[in-house]
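# A closer look at the structure
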Amino acid sequence: MVRLEKKGFADFIRSLAADFAVYAPVTANGKSGFKVIESAEDIDATCLVTDRSPKEVFFPHSEVLFEYDREGVREVEQPAKPIAVWGLRGCDSRGLRLLDMVFGSARQMPENEMFQDPYWKRKYDHSLVFGLACNEPRSTCFCNWLGGDPHGGDGSDVFVVDAGDAFLMEPRTDKGRAFIEKASGLNKASGKDEKKAAQLADAARKMMNPPGELDGLDARLKAVFNEDIWDELAAKCVNCGACAFVCPTCHCFDVQDEGKGGKGKRIRIWDSCMFPIFTMEASGHNPRKLSRDRFRQRFMHKFSYFVDNYGESLCTGCGRCIIACPVNVDIREVVRGVLSYEDKGAR
Amino acid sequence: MVNELREKVRKLLADGDVELVIGWEKGSRALAATPAFIESPEDADRLIFDATCGNNPAVYFTKDARRLAKSGRKVGIVVKGCDARSLSLYLAERQAKRENIVIIGVPCRGVLDRNKVADAAGGREVLEYSEEDGKITVRGKDLDLTLDAEDVLSNSCLTCVYPDAREYDIFIGEARDRQDGKDQNAALDEFEKLSPGERWEKMTEVYSRCIRCYACRNVCPSCYCNECFVDQNDPQWVGKTPEITDTMIFHIIRNLHVAGRCVECGACERACPMGLELLLLNRKAAREVEERFGYVTGMDSGEKPAMADFREDEKQDFIMG
């Protein structure tokens, strides 16, 4: 563990920015998200979970894959600098790790060579992820339901604890270690620092609501797929895409060509299973015709299909969907509803 | 008030007058009540009504290609003034049958703009909410704040002159008619003073922050096309990226499509996860419709909607020059 004095933070970010495009939480017009920063002053240090998720740093809302005209196809030029992300909470750094299973499979799961997405990999593989511990989790935080920890740092290259007057940093990957060895302005942390970090971690864990029990959720979801419970759970959902678009792990996308006069571009755009057109077939048939069928898909994907494919849930407990949902659909209540339906069935 | 509401709803369900009542119940977050679907008399006690009840429940009649409206089920619905106007619009547009709806009006003192409350709380999370006599109190860790409700109400409520239902079957308390004396359109007056270029600039700035999640459209009772034009892909009318031209086409066409149909409930603004000022253009359209056609949306379910009616004496300067 190393220690960076807060008074040295501006210099730290300045030197980081010399080698990286640095993304960090920035608040504008009352809403926060990860943006490229010029200096440490741009960072909103009061942010716990940003309104917009950091997935857009590596998987933007819309991304031009290539451009074309009558002469041929051209790749879009990439920024020269690799990306560093500062201030990722555990739910978000884990979110990136989960997305990397989908888009960059080689790095995490060498046996899964189904697909590697070059647009993701060219950004994420060269990135440096600074996780930041949550000292004060909120009531909507539930990473502990999913095996997360406010001081866990899952998916970080360097895990950072804000200890008041200093940041305490711990490398978690080879990339992180290489960075820490090279970085200036860092001192070895003392035993007192380590103790302080442990105290903050304990306090944060105590601040969290007790975790809900998720054992058997995958099997229950599969078992109740055709049950009326979905009508009940989905009754208030209006099928907008707010949940999917603020989610750090929802990654379904659409591909569109935008062209005119012999030239154009191919674009990848966020999509959402909540939208009716998401599964609309060319014949006009829609296998997920009703609101509740689309609602169900989001939870099946998160807690069943993704578990089948990758061995983990595709939810990190950040709570953004709970905050953004205009009708207060709470993912925790949906999960509880599915699990307690088992009880009703057993009676 | 809430006890009377629960009592009335319990009786409606127990007597078999309705099969379902849509209202609000306490949500999982302090500032967000959540739509409630009550089907048995004993569940009536879940109902609440206060300034956290910001959704417009009329939307559930037309959700899912008007599944509920077409079902023929008898439904009770708890409504604020604006929500009742949406029902009147549905009746005028023949999207619901009057005999299938029991309208239960509740006295509305305005609903919260959660972004305004969050600003006032300065980043501290609100864990408890209570209200009394035009004051609201929010509490949380290191937070105990009492605010004038007026300071944190939705913009739509600050300019609302019809707080209570005008058409109803049951009213909890006494329904108030038009409430004048509010500065009805201050923000709109300011907007109208701007030059066309300045207006364009302002709306460009607002819409540039849109993430195209369509929460505004989907919570809007007036937006009930079976297939929205942005979801059509043969032909595709509009690009899907958050690029500003396409985003503006979405918002402006939606705005024009709800002109003379928007009840200014503000559900769109409250739903927006990016906190965009979405009601402004809708209010502008509503003012145009009122000035030209003398029509205010949702006042009378027997009146033909402005865009479905023609009168010889109506103002035609937009055609004649």
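Cut-offs used in this document
- Residues numbered from 1 in each chain as written.
- Chains lettered and ligands numbered in written order.
- Predicted model: local features only at pLDDT ≥ 70, side-chain atom pairs only at ≥ 80, totals over all residues.
- Helix = DSSP H or I, 4+ residues; strand = E, 2+ residues; numbered from the N terminus.
- Rg over C-alpha atoms; globule rule 2.2 N^0.38 Å.
- Buried ≥ 20, exposed ≤ 12 C-beta atoms within 10 Å, placed from the backbone.
- Contact = placed C-beta atoms within 7 Å.
- Pairing = 2+ DSSP bridges.
- Axes fitted to C-alpha atoms, helices over the stretch in contact; angles between N-to-C directions.
- Expected span 1.5 Å × (residues − 1).
- Bend = angle between axes of the 7 residues up to and from the residue.
- Nonpolar A, V, L, I, M, F, W, Y, C, P; charged D, E, K, R; others polar.
- Parallel < 35°, antiparallel > 145°, perpendicular 65-115°, else oblique.
- Core = buried A, V, L, I, M, F, W, Y, C linked by C-beta atoms within 7 Å.
- Domains from an automatic or database assignment.

## Structural notes on the overall build of chain A
Scanning chain A for helices and strands turns up 12 helices and 12 strands. The globule rule puts the C-alpha radius of gyration for 347 residues at 20 Å, and the 21 Å found for chain A is close to it. The buried share among the 347 residues of chain A stands at 43%.

## As for the overall build of chain B
Summing up its helical and strand segments, chain B has 13 helices and 9 strands in all. The C-alpha atoms of chain B give 20 Å as radius of gyration, which agrees with the globular expectation for 321 residues (20 Å, within 12%). Taken along the three principal axes of its C-alpha coordinates, chain B extends 60 × 50 × 45 Å. For chain B, with 321 residues in total, the buried portion stands at 44%. Sequence separation of at least 24 residues holds for 68% of the intrachain contacts in chain B that already meet a minimum separation of 6.

## A few points about the sheet that holds strand S9 (residues 166–171) of chain A
Residues and elements named next belong to chain A. Pairing within the open sheet is mixed, and its 8 strands lie in the order S3-S2-S6-S7-S8-S9-S1-S10. Single-partner strands in this sheet number two, and they are strand S3 (31–36) and strand S10 (187–188). Bridge analysis of strand S7 (residues 128–132) against strand S8 (residues 158–162) gives 3 bridges, and the strand direction is parallel. Looking across to S8, one finds that Leu 132 is bridged to Val 160. Against the sheet, helix H5 (residues 174–182) touches strand S1 (2–5), S7, S8 and S9, its axis set at about 130° to S9.

## Notes on helix H10 (residues 291–310) of chain A
Residues and elements named next belong to chain A. Taking 1.5 Å of rise per residue, 20 residues should cover 28 Å, and H10 covers 27 Å from first to last C-alpha, within 8% of that figure. Its maximal kink placed at His 301, H10 deviates by approximately 50°. What H10 keeps buried is the set Ser 291, Arg 292, Arg 294, Phe 295, Arg 296, Arg 298, Phe 299, His 301, Lys 302, Phe 303, Ser 304 and Phe 306. The positive-phi residue at the C-terminal boundary of H10 is Gly 311, with phi of around 80°.

## Notes on the environment of Ala58(B)
All names here are of chain B. Here Ala 58 lies in the loop between strand S3 (47–48) and helix H2 (59–71). The class for Ala 58 is buried, based on 31 C-beta atoms found within 10 Å. Placed 26 residues apart in sequence, Ala 58 and Ala 84 show a C-alpha to C-alpha distance of 7.8 Å. Residue contacts for Ala 58: discarding those within four places in its chain leaves Ile 77, Asp 83, Ser 86, Leu 87, Tyr 90 and Pro 221.

## Things to note about the environment of Ala92(B)
Residue and element names in this part refer to chain B. In this structure, Ala 92 sits in helix H3 (residues 81–92). For the pair Ala 92 and Glu 288, spaced 196 residues apart in the sequence, the C-alpha separation amounts to 20 Å. When neighbours within four sequence positions are excluded, Ala 92 is seen to be in contact with Ser 301, Glu 303, Lys 304 and Pro 305.

## Considerations on the interface of chain B and chain A
Counting from both sides, the interface comprises 34 residues of chain B and, opposite them, 36 residues of chain A. If you list the elements that add at least two residues to the side of chain B that touches chain A, you get strand S1 (20–29), strand S2 (32–38), H2, helix H4 (114–120), helix H9 (215–218) and helix H11 (267–271) of chain B. When residues of the side of chain B that touches chain A are assigned to their parent elements, the largest contribution, 4 residues, is made by S2(B). Looking at the side of chain B that touches chain A, its residues break down into 14 nonpolar, 11 polar and 9 charged.

## Overview of the packing of helix H7 (residues 186–193) of chain B against helix H12 (residues 279–293) of chain B
All names here are of chain B. Where H7 contacts H12, the two axes come as close as 10 Å, and the packing angle between them is 85°. Between H7 and H12, the angle is such that the two are roughly perpendicular. Contact residues: Ala 187, Leu 188 and Phe 191 in H7; Leu 280, Arg 283, Lys 284 and Arg 287 in H12. When grouped by side-chain class, the residues that make up the contact of H7 with H12 number 4 nonpolar, no polar and 3 charged.

## A look at the nonpolar core
All names here are of chain B. Formed by 170 residues in total, the largest nonpolar core has its most connected members in Ile 77 and Val 78. By residue number, the principal contributor to this core is H3, which donates 6 residues. When neighbours within four sequence positions are excluded, Val 78 is seen to be in contact with Leu 5, Val 21, Ile 22, Gly 23, Trp 24, Leu 47, Phe 49, Pro 57, Ile 104 and Val 106.

## Examining the sheet that holds strand S7 (residues 135–140) of chain B
All names here are of chain B. Reading across the sheet, the 3 strands line up as S6-S7-S8 and stay open at both edges, with antiparallel pairing between neighbours. Across the chains shown, the open sheet's two edge strands, defined by having one partner strand only, are strand S6 (128–132) and strand S8 (143–148). Looking at each pair of strands side by side, their axes are set apart by 15° on average, direction ignored. The pairing of S6 with S7 spans 5 bridges and is classified as antiparallel. Residue pairing for S7: Ser 130 is matched across the bridge by Thr 137.

## Side note on the domain arrangement of chain B
Residues and elements named next belong to chain B. Split into domains, chain B comes out as domain 1 (2–113 + 153–320) and domain 2 (114–152). Each of domain 1 and domain 2 has a C-alpha centre, and the two are 25 Å apart. Taken together, the 11 residues of domain 1 in the interface contact 13 residues of domain 2. Split by residue class, the side of domain 1 that touches domain 2 holds 5 nonpolar, 3 polar and 3 charged.

## Observations regarding the domain arrangement of chain A
Often, the extent of an interface is quoted as the loss of accessible area on bringing the components together. All names here are of chain A. Taken domain by domain, chain A holds domain 1 (2–58 + 75–207) and domain 2 (217–346). Distance from the C-alpha centre of domain 1 to the C-alpha centre of domain 2: 27 Å. Of the residues lining the interface, 23 residues belong to domain 1; the matching set on domain 2 comes to 18 residues. The dominant element in the side of domain 1 that touches domain 2, judged by the number of residues it contributes, is helix H3 (residues 90–103), at 8 residues. Class assignment for the residues of the side of domain 1 that touches domain 2 results in 12 nonpolar, 5 polar and 6 charged.

## Examining unusual backbone geometry
All names here are of chain B. Omega for the peptide link from Asp 234 to Pro 235 comes to 0°, which places this bond in the cis form. Following the sequence through the fold, Pro 235 ends up in the loop between H9 and helix H10 (244–257). For Arg 66, which is not a glycine, the phi torsion comes out positive at approximately 60°. Following the sequence through the fold, Arg 66 ends up in helix H2. Assessed through the 15 C-beta atoms surrounding it within 10 Å, Arg 66 is described here as partly exposed.

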